[in-house]
Amino acid sequence: MSSSDTPIRVMLVADPGVAARRIEKIKEAFLAEARDIFVDDVTVEMEIRSLRITPEGSLDIEALRELDADHLDADAVLMLTEVPRHVEGRPLVAEILAKNRTAVVSYPTLGVRSTKRRIREIFMDCLLRLLPDCHGPLQKEYRQRWTRWQPVEPSGRHRLFAHPGTGEVRTLLGMTVANDPFRTAPKLSGALAGAAAVGAFGIFYYSIWEMADALSTARLLSIGGAVILSMVAWLIFTNRLWDKPTNKDLARVFWLYNGSTVLTLLIAVSMLYVALVVTILIGALVVIDPDFLADLIGSEISFFNYLDIAWLSAAMGVVAGAVGSTFDSSMDIRRITHGQRESQRRYSEDELE
C-alpha cells in the first residue's frame, strides 16, 4: 500500500452496450481495490463514449488524445472498448499510452470468459503501470498467465498481447459475446410470429404427424440444423451483414467480424427455433388427443411423438414463414455485429484532411 497522501482520480471510459454494462458492475469493486492498494483518497468516475476508428479499422490515436484532453485532472484514464485490436498480426488485449495517461483494453480479446474479475484485474494491472513510481509497486497477482507485456520503443507504449495459440479463437468468441446474441433473438420477433403462424398448421395436419413418426431422430435433427443455417444465411445476405475487407491487410480481422456474425446469428436463430418448438409442443399437447394419434400412427405414443411433431412443424414454419423476414428495425441491424457498429465510428479520409 502506498503512503502517498496525494489523491488519485481515475476515469473509466466504456463503449456503449456490453462494455458499459461490465464497467458498471465492476466500478464499486474496482474502487475498493484501488483504495486498498493506493491511498484512501481515490475517486473513480465513469463515462460512456465511443472512440472513432480510422478507415483502416484501427483506433484513432487523435481520439485518444482528445479523451486525455477532456480529462486533464484525471491521473489515469482506463478505456474498455469493444473494438477487436490486432497489431503485427496478433490480438492485442491492452495498450498503455503513458504520455496520454491512458490505457485501452479490448473487450473482445478477453474471450468468452470476460468475467468481472478478469476485467478488474487487467484494469488494475494497467493502472499500476500508469502510476508505478508515486503510488505503489506493480502487483504480480494482476498479471494474466495467458498474456505478456511488450514495450514499444521509442514511443514509451506498452502492449499486452494475447497468447499466439489461442488468441484468435478467444477474440472470436469474445466478439460474439460482445454482439450480445441473447439480446438479438427478441429482435427477430417478427420472424418468430411468421414462423409460429405457419408452424401451427402442423398441429392440425395428419400428414405432418405421420411424417414426424416416420422420420428418424437423426433426420429430424438434420432438418432442424439445415433450417437454422438457411435462416442465418438469409439474414446475413439480405441485410448485408457480411463484411468485405478493403485490402489484404484487413482480411484477417474481417474473418473475425464475419465469424462472430455467423456465431451470433446461429445462437439467436437457434433460440428462436427452440422457442418455436416449445410453443408448438404446448399447442400439440393441448389439441391432439393421445388415443386419436395412436390410432393414426398405429403404435403406442409417448411425449417424444409430440416433440417430433413440434420439431418438424417448427422447421416447416421457419422455411415458409420466417425465411423472407428480417429484423424488426434498421437500428437492430446496425447494432447486431461489430462490422455494422464500427461503420458508425469510421469517418472518411476526407474528414481526416
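Just above sits the structure.
Computed from a predicted model, the values in this text were never measured in an experiment.

Caption draft 1: Up close: the packing of helix α7 (residues 206–214) against helix α10 (residues 290–297). Axis separation between α7 and α10 bottoms out at 10 Å; the angle between their running directions is 65 degrees. For the element pair α7 / α10, the angle class is roughly perpendicular. Where α7 crosses over α10, the two elements pack in a sense that is right-handed. In this structure, α7 uses Tyr206, Trp209, Glu210 and Asp213 to contact α10, whose residues at the interface are Phe292, Leu293, Leu296 and Ile297. Class assignment of the residues belonging to the contact of α7 with α10 gives a composition of six nonpolar, no polar and two charged.

Caption draft 2: Spatial organisation of the packing of helix α1 (residues 18–37) against helix α3 (residues 116–130). Contact geometry of α1 with α3 gives a least axis separation of 10 Å together with a crossing angle of 45 degrees. By the angle between their axes, α1 is oblique relative to α3. Of the two elements, α1 crosses α3, and the hand of that crossing is right-handed. Together, Arg22, Ile23, Lys25, Ile26, Ala29, Phe30, Glu33, Ala34 and Ile37 of α1 and Lys116, Ile119, Arg120, Phe123, Met124, Leu127 and Leu128 of α3 make up the contact between the two elements. By residue class, the composition of the contact of α1 with α3 is 11 nonpolar, no polar and five charged.

Caption draft 3: Broad picture of the pairing of strand β3 (residues 76–81). The buried count for β3 comes to six of six residues, which makes it a mostly enclosed element. With burial as the criterion, each face of β3 is covered, one bearing Ala76, Leu78 and Leu80 and the other bearing Val77, Met79 and Thr81. In this sheet, strand β6 (residues 102–106) lies alongside β3 in parallel orientation, the contact comprising five bridges. Of the residues in β6, the one forming a bridge with Met79 is Val104.

Caption draft 4: Molecular detail of the packing of aromatic side chains. On inspection of all chains with the given rule, the structure shows eight aromatic pairs. Ring centres 5.2 Å apart and planes at 50 degrees place the aromatic pair Tyr206 and Trp209 in the tilted group. One end of the pair, Tyr206, and the other, Trp209, are both in helix α7, three residues apart, so they sit about a helical turn from each other. For the pair Phe303 and Phe304, a centre-to-centre distance of 6.0 Å together with 75 degrees between the ring planes defines the contact as edge-to-face. The exposed category is assigned to Phe304, whose relative accessible area is 56%. An aromatic cluster of at least three residues, connected via ring pairs, comprises Tyr206, Trp209 and Phe292.

About the thresholds
- Residues numbered from 1 in each chain as written.
- Predicted model: local features only at pLDDT ≥ 70, side-chain atom pairs only at ≥ 80, totals over all residues.
- Heavy atoms only, no water.
- Axes fitted to C-alpha atoms, helices over the stretch in contact; angles between N-to-C directions.
- Helix = DSSP H or I, 4+ residues; strand = E, 2+ residues; numbered from the N terminus.
- Parallel < 35°, antiparallel > 145°, perpendicular 65-115°, else oblique.
- Left-handed = near helix turned anticlockwise from the far one by under 90°.
- Contact = heavy atoms within 4.5 Å.
- Nonpolar A, V, L, I, M, F, W, Y, C, P; charged D, E, K, R; others polar.
- Buried < 20%, exposed > 50% of the residue type's maximum accessible area, 1.4 Å probe, protein only.
- Pairing = 2+ DSSP bridges.
- Phe/Tyr/Trp six-rings, centres within 6.5 Å; stacked < 30°, edge-to-face > 60°.

Interpretation note: all reported values are geometric properties and have no functional meaning in isolation.
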